[in-house]
Amino acid sequence: MITDPAFVQVALPNTFLFMLASVTGRWSSGLPSPSCSTAASAGRKLVQTVLLLPLMVAPVIAAIMVRWMFNDQFGIVNVVLEAIGLEGQPWMAQRWSAFGVILLTDIWLWTPWFTLLLLAGLQSLPREPFEAAAIDGTTSWRVFRHLTLPMLRPVIVVCVVIRSIDAFRTFDIVWTLTGGGPARSTELFSLYAYVDAFLKLDFGRGSAAAIIGGLIILVVGVVLYRLVDRAVRA
């Protein structure tokens with residue numbers, strides 16, 4: 001296993017890159033959403049419903065939808081690009097464009113999960129510090145930077161830890177969109193173990209991959225847990 005280039009040079013780097021990029025993207029896009037939904041006085045419930053809408057879509061259904069959107073012959077994305085004078089791209093035939101489509105799908109699906117938890121945390125914050133800041137004439141950015149963000153830190157850290165562990169075991173979106181292709185270049189750890197065990201019928205190798213993955217995520221989970229504990233206590 002540890003001498004297999006497909007495992008060491010492709011599956012593991014892709015998995016950690018996907019985990020880092022997806023969590024960063026979800027956090028970056030999910031953090032402003034609660035503020036927008038609470039700031040909208042008119043139609044607040046409608047705004048919150050729209051923000052949480054992707055949670056109602058099954059990941060496999062979303063992946064099928066996105067795969068057809070980025071189809072190089074019939075996809076709406078290439079149709080729009082050609083309509084504005086740009087050239088359509090074979091999105092799923094190139095490693096990084098396919099990887100980008102996977103990330104885009106994952107971020108779109110799970111950003112509402114971040115939004116939901118952050119919205120709950122935002123609504124539970126005490127109002128007195130914000131009222132004092134408003135009386136002092138503090139700008140919105142300073143309020144967000146020095147009040148909202150520090151008080152939301154425990155919620156943010158827990159969200160990051162949970163989604164990091166979940167991103168490590170992502171399977172359904174990648175399998176539906178690319179199947180690990182082109183040429184296994186977007187293969188994640190979970191796909192590597194699945195291909196060995198159930199397509200190549202090498203159950204010993206698949207079991208070894210699963211055990212190695214379990215050990216890796218155990219170490220990552222312990223490290224993230226300690227970071228959470230240190231951040232919350234700080």
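Preceding block: the structure.
This write-up is about the structure you can find in this document. (Residues numbered from 1 in each chain as written. Predicted model: local features only at pLDDT ≥ 70, side-chain atom pairs only at ≥ 80, totals over all residues. Heavy atoms only, no water.)

## Describing the packing of helix α4 (residues 59–69) against helix α6 (residues 95–123)
In the contact formed by α4 and α6, the axes pass within 10 Å of each other and the chain directions differ by 135°. With respect to α6, the axis of α4 lies oblique. The chirality of how α4 crosses α6 is right-handed. Residues Pro-59, Ala-62, Ala-63, Met-65 and Val-66 of α4 pack against Val-101, Thr-105, Trp-108 and Leu-109 of α6. Among the residues making up the contact of α4 with α6, the classes are represented as eight nonpolar, one polar and no charged. (Axes fitted to C-alpha atoms, helices over the stretch in contact; angles between N-to-C directions. Helix = DSSP H or I, 4+ residues; strand = E, 2+ residues; numbered from the N terminus. Parallel < 35°, antiparallel > 145°, perpendicular 65-115°, else oblique. Left-handed = near helix turned anticlockwise from the far one by under 90°. Contact = heavy atoms within 4.5 Å. Nonpolar A, V, L, I, M, F, W, Y, C, P; charged D, E, K, R; others polar.)

## Quick look at the nonpolar core
Within soluble globular proteins, side chains that are nonpolar generally end up buried alongside one another. Ranked by size, the top nonpolar core spans 35 residues in total, and within it Phe-7, Phe-18 and Leu-177 carry the most contacts. If you list the elements that add at least two residues to this core, you get α1 (5–30), α4, α5 (76–83), α6, α8 (140–168), α9 (172–177), α10 (189–199) and α11 (203–233). When sequence neighbours within four positions are dropped, the list of residues in contact with Phe-7 reads Met-1, Leu-12, Pro-13, Phe-189, Tyr-192 and Ile-212. By size, the runner-up hydrophobic cluster in this structure holds 12 residues, among which are Leu-122, Leu-125, Ala-133 and Val-143. (Core = buried A, V, L, I, M, F, W, Y, C linked by side-chain atoms within 4.5 Å. Buried < 20%, exposed > 50% of the residue type's maximum accessible area, 1.4 Å probe, protein only.)

## A word on the packing of helix α7 (residues 128–135) against α8
Where α7 contacts α8, the axes come no closer than 11 Å and their chain directions differ by 175°. With respect to α8, the axis of α7 lies roughly antiparallel. From α7, Pro-129, Phe-130 and Ala-133 reach across to α8, where they touch Val-143, Leu-147, Thr-148 and Met-151. In terms of residue class, the contact of α7 with α8 is made up of six nonpolar, one polar and no charged.

## With respect to a nonpolar patch on the surface
A contiguous nonpolar patch, built from Met-65, Met-69, Ile-76, Val-79, Val-80, Ile-84, Leu-86 and Trp-108 and spanning about 730 Å² of accessible area, is present on the exposed surface. Within the residue set of the nonpolar patch, elements represented by two or more residues are α4 and α5. For the nonpolar patch, the leading source of residues is α5, giving three residues. (Patch = residues over 30% accessible without salt bridge, like charges linked within 9 Å, V, L, I, M, F, W, Y side chains within 5 Å. Areas by Shrake-Rupley, 256 points an atom, 1.4 Å probe, with all protein chains shown as cover. Salt bridge = Lys/Arg side-chain N within 4 Å of Asp/Glu carboxyl O.)

## Considering the side chain of Thr-15
Here Thr-15 is to be found in helix α1. By relative accessible area, which is 0% here, Thr-15 ends up buried. Within polar-contact distance, the side chain of Thr-15 engages the backbone nitrogen of Phe-189 at 2.8 Å. (Polar contact = N/O pair within 3.5 Å; in protein donor to acceptor, adjacent residues only side chain to side chain.)

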